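Each chain is listed here by its residues.
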Amino acid sequence: MIKLENVTFKYDKVVLDNINLDIDKFKVTFIIGANGSGKSTLANVISGLLFPNSGKIYLDDIELNKKTNNKIIRKKIGMVFQNPSNQILFSKVYDDIKFTLENMKISKDEIPNKIKSSLEKVSMLEYINANPYQLSGGQKQRVAIASQLSLNPDYLIFDEATSMLDINGKREIYNLLENLKKDMGIIFISNDMSELIYADNIVIIDNNKVYKYTLSEIIKEYNILNKHNLEIPFILKVANLLKIKDVSKLNENSILERIDEK
Ligand code: ADP
């Protein structure tokens, strides 16, 4: 679990004001909020790119501080960013992931297997020798995810990682979440409210504070989103009408199947 205790972060003005938050392993936690509310700041504080002005952060019970921060975090937390093309450095998928592993000083003889098994996890093994620049957006993003998975992270942060993908690319990423969370905690920063159906937990940043809900709570009481000045996506209204109780495998198809049953 990632635990934030009384964390305050400010640039010239306060962005995170004395927040307390638990982020579970083996769950998909969405972080949502208006533009400029502090989503990226929160992700950067969790991933050690920014250090809070006050408060404590624990990563699976290890307290992070300026000394331990980098080493521990880089091992435990992976990040996937918005633009998949910016995460590609080489003209072969294999070399791209190899570079990540070499950077983390993984021994040479372990590298080929780690590359293969991480590509397998994102169903991209057949592209191991492909040129990443010739892949679709969703495929490039899956290579970026494989690159992070090769380091066996305990948490993976998706920082608006679907926002530049077309609908097929987005679905490729959503389809991975259920399997990924068996091994790690997923933190999914999003501006697209229709993606909320893929969440287990939802953290809303509003006026420098955080509020945590389960997906079931949000479906049952979707006006919570209005209270935080967020739009209510159509798909959540549908899920509410269908009185869906088990939200653990919720996706577009399972919702459509439920509509067909009616
Ligand atoms: P979000 O990801 O929700 O859009 P951000 O975390 O990027 O929000 O930004 C939160 C607030 O902090 C915004 O008001 C933004 O203008 C401000 N901010 C972000 N980065 C910086 C920075 N490097 N220096 C000063 N202010 C910043």
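Residues numbered from 1 in each chain as written. Predicted model: local features only at pLDDT ≥ 70, side-chain atom pairs only at ≥ 80, totals over all residues. Heavy atoms only, no water.

Peer 1: Explain the sheet that holds strand S6 (residues 77-80) to me, using residue names and the numbers behind them.
Peer 2: Taken in spatial order, the six strands make up an open sheet running S6-S7-S8-S3-S9-S10, and their pairing is mixed. The outermost strands of the open sheet, each flanked by one partner alone, are S6 and strand S10 (209-214). For this sheet the average axis-to-axis angle between neighbouring strands, irrespective of direction, equals 20 degrees. Pairing analysis gives four bridges linking S6 to strand S7 (residues 155-159), with the strands arranged parallel. Each residue of the ladder has a partner; that of Met79, found in S7, is Ile157. (Pairing = 2+ DSSP bridges. Helix = DSSP H or I, 4+ residues; strand = E, 2+ residues; numbered from the N terminus. Axes fitted to C-alpha atoms, helices over the stretch in contact; angles between N-to-C directions.)

Peer 1: With reference to specific residues and values, describe the nonpolar core.
Peer 2: Core analysis: the largest hydrophobic core is formed by 58 residues, its most contacted members being Ile145, Phe158 and Leu225. Split by domain, this core shows at least three residues from each of two domains, domain 1 (2-231) and domain 2 (232-262). Those residues in contact with Leu225 that lie beyond four places of it in its chain are Ile32, Met193, Leu196, Ile204, Ile218, Leu230, Glu231, Ile232, Pro233 and Leu236. The next biggest cluster of nonpolar side chains, apart from the first, holds 29 residues, and it includes Val15, Ile73, Ile187 and Ile189. (Core = buried A, V, L, I, M, F, W, Y, C linked by side-chain atoms within 4.5 Å. Buried < 20%, exposed > 50% of the residue type's maximum accessible area, 1.4 Å probe, protein only. Domains from an automatic or database assignment. Contact = heavy atoms within 4.5 Å.)

Peer 1: Quick rundown of the packing of aromatic side chains? Include the residues and the values.
Peer 2: Evaluated as defined, the whole model comprises five aromatic pairs. Seen in terms of ring centroids, Phe158 and Phe188 are 5.2 Å apart; in terms of plane orientation they differ by 25 degrees. Their pairing is stacked. In this pair, Phe158 is assigned in strand S7 and Phe188 in strand S8 (residues 185-189), connecting sequence segments 30 residues apart. With respect to class, Phe158 is no different from Phe188; both count as buried. The structure contains a cluster of three or more aromatic residues connected by ring pairs, namely Phe30, Phe158 and Phe188. (Phe/Tyr/Trp six-rings, centres within 6.5 Å; stacked < 30°, edge-to-face > 60°.)

Peer 1: Just give me the short version of the domain arrangement of the chain, but keep the residues and values in it.
Peer 2: Domain parsing of the chain yields domain 1 (2-231) and domain 2 (232-262). Computed from C-alpha atoms alone, the centre-to-centre distance between domain 1 and domain 2 is 25 Å. Counting from both sides, the interface comprises 19 residues of domain 1 and, opposite them, 15 residues of domain 2. Of the roughly 1,400 Å² buried at the junction of domain 1 and domain 2 (both faces included), carbon and sulfur atoms supply 66%. When the area that domain 1 buries against domain 2 is broken down by residue, the three leading residues are Ile197, Ile219 and Tyr222, summing to 45%. Connecting domain 1 to domain 2 are one salt bridge. In this structure, Arg171 and Glu252 form a salt bridge, with 3.0 Å as the shortest nitrogen-oxygen distance. The interface formed by domain 1 and domain 2 holds three residue pairs in polar contact (both at pLDDT 80 or more) in total. Breaking the side of domain 1 that touches domain 2 down by element, the ones donating at least two residues are helix H6 (167-180), helix H7 (215-220) and helix H8 (223-227). For the side of domain 1 that touches domain 2, the element with the most residues is H7, which contributes five residues. Here the side of domain 1 that touches domain 2 is composed, by residue class, of ten nonpolar, four polar and five charged. (Buried area = accessible area lost by both parts, 1.4 Å probe. Salt bridge = Lys/Arg side-chain N within 4 Å of Asp/Glu carboxyl O. Polar contact = N/O pair within 3.5 Å; in protein donor to acceptor, adjacent residues only side chain to side chain. Nonpolar A, V, L, I, M, F, W, Y, C, P; charged D, E, K, R; others polar.)

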